[in-house]
Amino acid sequence: MPNDIKELRRLMRTANYIRKEHPANGNMAFALSTAWWFESFRDALSNGFARFTYYKKDGSTRTALGTRSPSLIPTDKLPKGDMSDGAATKEDSAKVIPYFDLDKNEWRSFSILNFNSLDRVWRFNDPLK
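Residues numbered from 1 in each chain as written. Predicted model: local features only at pLDDT ≥ 70, side-chain atom pairs only at ≥ 80, totals over all residues. Heavy atoms only, no water.

Thoughts on the pairing of strand S4 (residues 106-111)
Pairing between strand S3 (residues 96-101) and S4: six bridges, direction antiparallel. The residue of S4 that forms the bridge with Pro98 is Ser109. (Pairing = 2+ DSSP bridges. Helix = DSSP H or I, 4+ residues; strand = E, 2+ residues; numbered from the N terminus.)

Written out as structure tokens, the structure is:
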């Protein structure tokens, strides 16, 4: 469950974006469940790292090892501002997920509509344990 109003607003913006842009548009139940999954994915990246695949703008696929956890990002690559909640930007977009690419050692992002698959997640500080 989103733990503050900012996350809840992003969840609803994401759901509305999915509802309008996804081929199953108009289905709010699908949009909300998908948006909820992406919030969980953002949280997983903030508390560890993951290997995932998405479609690039040119149509090719990209498998990435990414994180949003400040403890895994080199100090000189950390965004300015508060990273205590793992936020990569001041106001994360509802349409894209920014992540730090651990293979390329650079920040990258992808559209949530271009997400393909999640291979594995490694979490630390898991609230469920």
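Comments concerning the pattern of salt bridges
Per the counting criterion, the structure on display carries five salt bridges. Salt-bridge contacts for Arg123 lead to Asp43; the nearest nitrogen and oxygen are separated by 3.0 Å. Placement of the pair is Arg123 in strand S5 (residues 115-123) and Asp43 in helix H2 (residues 28-46), with a sequence separation of 80 residues. Residue classification places Arg123 among the partly exposed positions, given a relative accessible area of 27%. A relative accessible area of 34% places Asp43 in the partly exposed class. (Salt bridge = Lys/Arg side-chain N within 4 Å of Asp/Glu carboxyl O. Buried < 20%, exposed > 50% of the residue type's maximum accessible area, 1.4 Å probe, protein only.)

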